[in-house]
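In case you want the letters, here they are:
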Amino acid sequence: MEFTVGQIAQLLDGQVEGDATAKIRELAKIEEAGSGALAFLSNLKYEHFLYATGATAVIVAKNFTPKQPVPAALIRVEDPYSSFSRLLEEYQKAVAALKTGVEQPAFIGNNSNIGENHYRGAFSYIGHNCKLGANVKIYPQAYLGDNVQVGDNTTIFAGAKIYSNTVIGNNCTVHAGAVIGSPGFGFAPQKDGTYRDIPQTGNVVLEDNVNIGANTTIDCATLGSTIVHEGTKIDNLVQIAHNVEIGKHTVIASQTGISGSTKIGNYCTIAGQVGIVGHISLADKTTVGAQSGVSKTISESGTIIQGSPAFDYKQNLRCIAVFRRLPELEKQLNELKEKI
Amino acid sequence: MEFTVGQIAQLLDGQVEGDATAKIRELAKIEEAGSGALAFLSNLKYEHFLYATGATAVIVAKNFTPKQPVPAALIRVEDPYSSFSRLLEEYQKAVAALKTGVEQPAFIGNNSNIGENHYRGAFSYIGHNCKLGANVKIYPQAYLGDNVQVGDNTTIFAGAKIYSNTVIGNNCTVHAGAVIGSPGFGFAPQKDGTYRDIPQTGNVVLEDNVNIGANTTIDCATLGSTIVHEGTKIDNLVQIAHNVEIGKHTVIASQTGISGSTKIGNYCTIAGQVGIVGHISLADKTTVGAQSGVSKTISESGTIIQGSPAFDYKQNLRCIAVFRRLPELEKQLNELKEKI
Amino acid sequence: MEFTVGQIAQLLDGQVEGDATAKIRELAKIEEAGSGALAFLSNLKYEHFLYATGATAVIVAKNFTPKQPVPAALIRVEDPYSSFSRLLEEYQKAVAALKTGVEQPAFIGNNSNIGENHYRGAFSYIGHNCKLGANVKIYPQAYLGDNVQVGDNTTIFAGAKIYSNTVIGNNCTVHAGAVIGSPGFGFAPQKDGTYRDIPQTGNVVLEDNVNIGANTTIDCATLGSTIVHEGTKIDNLVQIAHNVEIGKHTVIASQTGISGSTKIGNYCTIAGQVGIVGHISLADKTTVGAQSGVSKTISESGTIIQGSPAFDYKQNLRCIAVFRRLPELEKQLNELKEKI
């Protein structure tokens, strides 16, 4: 995709200073931008980059006055950061819009249907009795088992695996390699020390506006549903076990694991590499620090915890501070003992 | 699949109270069941759900006497929980049995053969010189390299990747996205600070009745085999490094990592997010608590450890209790010093 | 592949003692080797295995004198370990060389080209405007989006997913299930507690001689590039967030996670299950112990840290030693208080 500086200025309701016919092919940071790139200057801390930029054009504020000659065309707008963000979104939409139609071979089972304006990449697989909405994009090598439902405007990226009976809402994104709906880790110990499979016949429900990161795994429920409520964002390599329920607008960072039947509230923030045991619940707006191990229910909204096992965030910081002085403390204690 | 209440009662050797011709399409929890669903009531703690259930039928004990009118048909059996479990297993078998034959296109190399009654999904890949048993199911987009052996009744789910020379036993399950047999992380440091690949020419052996979770990775041995012995169950996102050997009937929970050449005994239980260093061994029936870091060989059977680094479970609990009082302890120590 | 003992001796410039016509089909450890296998004896600690080996031939040192009869042919060379390593490398090259040509169906988009002597496995997908070098191997079900560049001699294993605009150098290996270039975890919190996507329009750059382990995920930059510099080796299930930069010849072990915009130096060693927060930097030759949580910039080259949060490695060891005596310390402190 290629636009002129003038076309972009028009889109942003901005004014061009310099060559309006110059061609823009990409968006870049002002300090890294080369020929054909458009950058922006919002925070004047970075003003010195402007005078040395390789960018073809730079978005600046309407009232900005350069102190030196600028080697790029300027596009003057009300709010450079917002304008640039808007371009990023437009760019992403434009790239996504390029994907439409069906690349062959692609597999679709019996009694499955899919709404208008969809994309199905080569080697994508949709099982039997699936129902997919409009503007859905199923990238190459993605897999949807039988009886899967997917809402409008949802994108399943390359090689994501959606087991049978999964229900996915509107405006969701499932990234490459994520596995949704695999049978949970349920094994009944037998008297002889061996294990027997406990059938896992439930499913996974992802509500609207949910994002699932690359290579994340979400197990189906034993019975009923493992649920991720609307607007929740889950990072890469996260593990969500069977029968877990995650509230609305919660954020879970990479490599965190949540054990079976635990309930996470709304508007929670779970940092990376956290482990949460099974069969507990976290109140709304709970914040869990990185690498914490959560072993008990959190009942009070807005609690902040840290540590393995996790407890009050501030108290944990105090304890860690003393931990680092432990050899000195022990020495002092021994000196006292000798004195007495 | 659809059955009548009467057909299910017959299968379970139970007696119907109510409409034996009503149709059952799914199994559900008594508190979540809707029309067309079959639930069960075993623990009388949940009896109140029975009187408000939306289920079409509920399995109850032979001698159960309702205290109120029940809106569902009843199926009376000796042991409701066992009967329901049996139905879950039958359901799962029936669903699995639907997958048979070959969906095109599917790739199979030269000199490879596969037993009767198998399923090969579309876009599945089987390399050259592979030997697969009867009733094997290779789901869409699964990959088996060259010289792979797979026993009877084993299922490889969508997009699992089995590198060349892997040997998989009977009745195994490899879930979506798991990678079995990738070359281990072996790099020889050179004098100039760079690294050189150490060729990894061994393989992975999974014995009978082994389950491998979604997106788990098991590296092949440098020479010889990385081995998972029979009946062992491995959860999602677990890392097993080269030349590791895991005993029989051991359970390893999600996001645990085991470093190279370590041996895990039989009947062990390794919780989630555990890290185990290389070149050590864990005795039979060792239990390792969640998020532990195991840095030393455990020689005594039945040992329970916890912590990072891990040591005796109970002592670790005691230490953690004092850890949380450290600021107070330091204060007391300082007060003592002033007194003397 | 099958060679005679004599052919192998010739390749290694060695001398045969025993049957030079015997057939060799595989390489094995001396204690595990069976008929048709070639083993080696370098460290004389393992000499006793020689007299009981099932190997068809064993590589030994020129001047080695057996103390008992040996059941295998001997190949005498200058340095048995080096000779065996060379065979391993030759074996791996030979196996890799078998993969060439295109297995159908394989997808390649418009304006994409690929150098001579390449392999494209069945169900592999290469998008539009891609440029791939010579001797490239794209295994079955691997995915390359649009505008991807790949250098010479690089191998993308089965089911790896390379998002659009990724740049990969020469002699790289990306293992099965790895996801390179997925959009980073960028969500702007809104006033109402919901999150809005921040478009991620940058890419990932892997320089020459980089290895990426199975199911590892590397996010693209928001703008600009997430970069892994030359010679760096990354293990399985590692998470690299957006805008991270990793130096040259650094090693990162399994299940480690690096948060956004952090810079890792050259020649660093990061052990397994480490977490590193965002927006910090680690000096060259930093070593981070397993399961550590790194929360602060490390400025001094050669620093060794450990713990969560991580600090000086030796001091951490001392603190842990006292931690394990905490209940005893508390008891002593209480006794002192009573005395006074």
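Everything quoted here is computed from the prediction, not taken from an experiment.

About the thresholds
- Residues numbered from 1 in each chain as written.
- Chains lettered and ligands numbered in written order.
- Predicted model: local features only at pLDDT ≥ 70, side-chain atom pairs only at ≥ 80, totals over all residues.
- Heavy atoms only, no water.
- Contact = heavy atoms within 4.5 Å.
- Salt bridge = Lys/Arg side-chain N within 4 Å of Asp/Glu carboxyl O.
- Polar contact = N/O pair within 3.5 Å; in protein donor to acceptor, adjacent residues only side chain to side chain.
- Helix = DSSP H or I, 4+ residues; strand = E, 2+ residues; numbered from the N terminus.
- Nonpolar A, V, L, I, M, F, W, Y, C, P; charged D, E, K, R; others polar.
- Domains from an automatic or database assignment.
- Buried area = accessible area lost by both parts, 1.4 Å probe.
- Pairing = 2+ DSSP bridges.
- Buried < 20%, exposed > 50% of the residue type's maximum accessible area, 1.4 Å probe, protein only.
- Least-squares fit on C-alpha atoms with pLDDT ≥ 70 in both.
- Expected span 1.5 Å × (residues − 1).
- Arc of directions from axis to C-beta.
- UniProt positions renumbered as here; feature names shortened; annotations may be inferred.
- Phe/Tyr/Trp six-rings, centres within 6.5 Å; stacked < 30°, edge-to-face > 60°.

Let us look at the interface of chain C and chain A. Taken together, the 66 residues of chain C in the interface contact 53 residues of chain A. Our enumeration of links across chain C and chain A arrives at four salt bridges. A salt bridge links R196 of chain C to E89 of chain A, with the shortest nitrogen-to-oxygen separation between them at 2.9 Å. The interface formed by chain C and chain A holds 28 residue pairs in polar contact (both at pLDDT 80 or more) in total. Elements with a contribution of two residues or more to the side of chain C that touches chain A: β21 (179-182), β23 (195-197), β26 (217-219), β40 (310-312), α4 (313-323) and α5 (326-339) of chain C. Ranked by residue count, the leading element in the side of chain C that touches chain A is α4 of chain C, at seven residues. Of the residues belonging to the side of chain C that touches chain A, the class tally is 30 nonpolar, 27 polar and nine charged.

This part takes up the domain arrangement of chain A. The assigned domain composition of chain A is domain 1 (3-98), domain 2 (101-305) and domain 3 (312-339). Spacing between the C-alpha centres of domain 2 of chain A and domain 3 of chain A amounts to 44 Å.

Next up on the list: the interface of chain A and chain B. Across the boundary between the two partners, chain A contributes 66 residues, which contact 53 residues of chain B. Between chain A and chain B lies a buried interface of about 4,600 Å² when both sides are counted; carbon and sulfur atoms form 63% of it. Of all residues in chain A, F185, Y195 and L223 of chain A bury the most surface against chain B, accounting for 15% of the area lost on that side. At the boundary of chain A and chain B, one finds four salt bridges. Among the ionic pairs, R325 of chain A bridges to E330 of chain B, the shortest N-O distance being 2.8 Å. Between chain A and chain B we count 29 residue pairs in polar contact (both at pLDDT 80 or more) in total. If you list the elements that add at least two residues to the side of chain A that touches chain B, you get β21 (179-182), β23 (195-197), β26 (217-219), α4 (313-323) and α5 (326-339) of chain A. Broken down by element, the side of chain A that touches chain B gets its largest block of residues, seven residues, from α4 of chain A. Considering only residue class, the side of chain A that touches chain B consists of 30 nonpolar, 27 polar and nine charged.

Whenever strands of a sheet pair, they do so through backbone hydrogen bonds, lying parallel or antiparallel. Residue and element names in this part refer to chain A. Across the sheet, which stays open at both edges, the twelve strands sit in the order β8-β11-β14-β17-β20-β25-β28-β31-β34-β37-β39-β40 with mixed pairing between neighbours. Looking along the sheet, the strands with just one partner apiece sit at the ends: β8 (101-102) and β40 (311-312). Pairing geometry for strand β37 (residues 287-288) and strand β39 (residues 304-306), over two bridges, is parallel. Following the sheet pairing, T287 is matched in β39 by I304.

Here the amide bond leading from S308 of chain B into P309 of chain B is cis, since omega sits at 0°, within 30 degrees of zero. Tracing the backbone shows P309 of chain B in the loop between β39 (304-306) and β40 (311-312). Note that the residue after Q104 of chain C, namely P105 of chain C, is joined by a cis bond; omega there is 0°. Relative to the assigned elements, P105 of chain C resides in the loop between β8 (101-102) and β9 (107-108). Within the chain, Q273 of chain A stands out as a residue other than glycine whose phi angle is a positive 60°. You can see Q273 of chain A is positioned in the loop between β34 (269-270) and β35 (275-276). Residue classification places Q273 of chain A among the buried positions, given a relative accessible area of 11%.

Moving on, we come to the relation of the copies chain C and chain A. In the superposition of chain C on chain A (RMSD 0.1 Å, axial shift 0.1 Å), the rotation amounts to 120°. Here the symmetry operator amounts to a three-fold rotation axis.

Turning our eyes to something else, we now look at α5 of chain C. A rise of 1.5 Å per residue sets the reference length of α5 of chain C, with its 14 residues, at 20 Å; its end C-alpha atoms lie 20 Å apart and thus fit the reference within 8%. Looking at α5 of chain C, one finds that the buried residues are L326, L329, E330, Q332, L333 and L336 of chain C. Across the axial projection of α5 of chain C, the buried residues extend over an arc of 160°, all falling on one side. Residues of α5 of chain C that are exposed and point more than 90 degrees away from the buried face comprise E338 and K339 of chain C. On its buried face, α5 of chain C sits against α5 of chain A, α4 (313-323) and α5 (326-339) of chain B together with α4 of chain C.

What follows covers the sheet that holds strand β19 (residues 167-168) of chain C. Residue and element names in this part refer to chain C. Pairing is parallel in the open sheet, where nine strands are placed in the order β10-β13-β16-β19-β24-β27-β30-β33-β36. The open sheet has two edge strands, β10 (113-114) and β36 (281-282), and neither has a second partner. The pairing of strand β27 (residues 225-228) with strand β30 (residues 245-246) spans two bridges and is parallel. Counted as the bridge partner of I227 is E245 from β30.

All names here are of chain A. Under the present numbering, the feature "active site" (unreviewed entry) in UniProt falls on H242. Secondary-structure assignment places H242 in the loop between β29 (239-240) and β30 (245-246). On the accessibility criterion, H242 (15% relative accessible area) is buried. Setting aside chain neighbours within four positions, we find H242 in contact with G184, F185, G186, Q200, D219, C220, A221, T222, T226, G260 and S261. At 3.0 Å, the side chain of H242 forms a polar contact with the side chain of Q200.

Time to look at the environment of R325 of chain C. Mapped onto the secondary structure, R325 of chain C falls in the loop between α4 and α5. Residue R325 of chain C is classed as partly exposed on the basis of its relative accessible area of 37%. For the pair formed by R325 of chain C and I168 of chain C, sequence separation is 157 residues and the distance between their alpha carbons is 51 Å. Polar side-chain contacts of R325 of chain C include one of 2.8 Å to the side chain of E330 of chain A.

It is worth spelling out the side chain of T56 of chain A at this point. Residues and elements named next belong to chain A. Tracing the sequence through the fold places T56 in the loop between α2 (47-50) and β6 (57-61). Within the structure, the side chain of T56 is placed 2.7 Å from the backbone nitrogen of G36, a separation counted as a polar contact. Setting aside chain neighbours within four positions, we find T56 in contact with V5, A22, K23, I24, G34, S35, G36, A37, A72 and A73.

Time to look at the packing of aromatic side chains. The full count for this structure, using the stated rule, is 36 aromatic pairs over all chains. Here the aromatic rings of F107 of chain A and Y125 of chain A are separated by 4.4 Å at their centres, their planes lie at 0°, and the arrangement is stacked. You can see F107 of chain A sitting in strand β9 (residues 107-108) and its partner Y125 of chain A sitting in strand β12 (residues 125-126), a full 18 residues away along the chain. A network of ring pairs unites the aromatic residues F311 and F323 of chain A, F311 and F323 of chain B together with F311 and F323 of chain C as a single cluster.

In this section: the environment of S292 of chain C. Note on placement: S292 of chain C falls in the loop between β37 (287-288) and β38 (293-294). Given a relative accessible area of 0%, S292 of chain C falls into the buried group. Through-space distance from the C-alpha of S292 of chain C to that of Q306 of chain C is 5.4 Å; in sequence the pair is 14 residues apart. With near-sequence residues (within four places) excluded, S292 of chain C lies in contact with Q291 of chain A together with Q273, V274, G275, I305, Q306, G307 and A310 of chain C.

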